[in-house]
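Spelled out, the chains give:
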Amino acid sequence: MPRQPDNPVFPYLERARARVRLTAGVLLAVATLALNAQTESTVSLTNTSLPMYIQDLRSPESALAARIEEPLFLPSSDEWYLTTLSFGAGGSLVLRSHDLTLHIRGDLRTEGNNTVFVAFPPVDRQAEAGSPGRAGQNGLSGQGDGAAGSPGQNGDPGRPGSPGRNAGSLILDLSRAPSGTVRVDLAGQDGGPGGRGGDGGRGGDGTKGHPGRSGLLGCNAGGQNGGAGGRGGDAGPGGPGGPCGMSGRLQILAPNAVRRVVLDAGRIVLAPTRAMSGTAGASGTPGAGGNGGAGGNGSGFCGGGSPGPGGPTPAPPSPPAPTQPGECVPPVFQWITR
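Residues numbered from 1 in each chain as written. Predicted model: local features only at pLDDT ≥ 70, side-chain atom pairs only at ≥ 80, totals over all residues. Heavy atoms only, no water.

Novice: How should the packing of aromatic side chains be read in this particular structure?
Specialist: Here a ring pair, both rings aromatic, is described through the centre-centre distance and the interplanar angle of the planes. Applying the stated criterion across every chain, the model contains 2 aromatic pairs. An angle of 25° between the planes, with centres 6.2 Å apart, marks the rings of phenylalanine 333 and tryptophan 335 as stacked. Take tryptophan 335: its relative accessible area is 18%, and that puts it in the buried class. (Phe/Tyr/Trp six-rings, centres within 6.5 Å; stacked < 30°, edge-to-face > 60°. Buried < 20%, exposed > 50% of the residue type's maximum accessible area, 1.4 Å probe, protein only.)

Here is the structure:
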């Protein structure tokens, strides 16, 4: 069969097809890079940005990778899904009393030696102190010659310290051994110290006795003794310290191979610290006894009266017993192999 003459249109068609194939390849590569960038992009989680990403974090299909550079406070108990999670040298996740379950399909990375999961950071480690007791009012001076002063009022007890809050618990669902050391502190909050007891009021002063009265031939009445000083008010005892909060629980869900690496290399460290009960508040100061009044003056044949005795000053109260000794236990570490 004789050869057909070349069609001059064919070369143009071939070049057009080549350009289409090249353009399609470039578009596919760009789309792939964009998808990878979207999948592998790392977002910075801060207390300001967390609400923007919270729905993605809660989705089991999430492809979110996150980095924490500062203390991030968990607003409520939650369950998050991440491809990777990394902590900068100053980053941490603060649970307080909230529980958190973290599913991490990729890497869990840390930098430095800071604690990255903590229930109560140093600024929030102790519950509020009890308020101090009110001081007693001072006694009144005696009314009239040689009258005794009234006693000072007792100081009120200090208020109890606030109880420490319970620590939240943490579940880490890991597919790989962490990169770096993951330090965890799930101690409960320390109880607040008790408030100081109120000071006792000072006793009132006794008044001076009336002077002696002389007659023409002798003493009709000698000088009167001074009035006794009033007793000082008792000091209020210090308030008891608040009880400690319960420690949290750390659970690790991971394959057995990950467990061996973590245990051999010490990649996860749970601090053995425990919360402490609050210390009892100091007792107030007892009120001083009032001064005795001076004796009445002598007159002529009459001698003067004796000074009145000063009012007694009470002894300080005994300190309250320690609060709930031995009830503050360290956190629990539990492995679950899957």
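Back to the text.
Novice: Would you mind going over the state of the cysteines with me for this structure?
Specialist: Two cysteines whose sulfur atoms are joined by a covalent bond form what is called a disulfide. Tallied over the full model, the rule gives 2 disulfides. Each disulfide pairs two cysteine sulfurs, and for cysteine 219 the partner residue is cysteine 302, the sulfurs being separated by 1.8 Å. Disulfide cysteine 219-cysteine 302: torsion about the S-S bond near 115°, hence right-handed. Within this pair, whereas cysteine 219 is found in strand β13 (residues 219-221), its partner cysteine 302 is found in the loop between β15 (268-270) and β16 (332-337), the two being separated by 83 residues in sequence. (Disulfide = S-S within 2.5 Å. Helix = DSSP H or I, 4+ residues; strand = E, 2+ residues; numbered from the N terminus.)

Novice: Which parts of the structure should I look at to understand the pairing of strand β11 (residues 182-185)?
Specialist: Taken residue by residue, a regular strand's side chains alternate between the two faces of the sheet. In terms of strand pairing, strand β9 (residues 117-118) meets β11 through 2 bridges, oriented parallel. Counterpart to valine 118 in the pairing with β11 is aspartate 185. (Pairing = 2+ DSSP bridges.)

Novice: What is the right way to read the pattern of salt bridges from this model?
Specialist: Pairing between side chains of opposite charge can happen when the charged atoms of each approach one another. Overall, the coordinates contain 12 salt bridges when judged by the stated rule. Here aspartate 124 and arginine 165 are joined by a salt bridge, their closest N and O atoms 3.1 Å apart. A residue pair is termed long-range when its members are at least 10 positions apart, and aspartate 124 in the loop between β9 and β10 (170-174) and arginine 165 in the loop between β9 and β10 qualify at 41 residues. Here aspartate 199 and arginine 196 are joined by a salt bridge, their closest N and O atoms 3.1 Å apart. Residue aspartate 199 is classed as partly exposed on the basis of its relative accessible area of 27%. According to the relative accessible area criterion, arginine 196 is partly exposed, its value standing at 37%. Among the charged side chains, a salt-bridge network with shared partners connects Arg67, Glu69 and Glu111. (Salt bridge = Lys/Arg side-chain N within 4 Å of Asp/Glu carboxyl O.)

Purely geometric numbers; function is a separate question.
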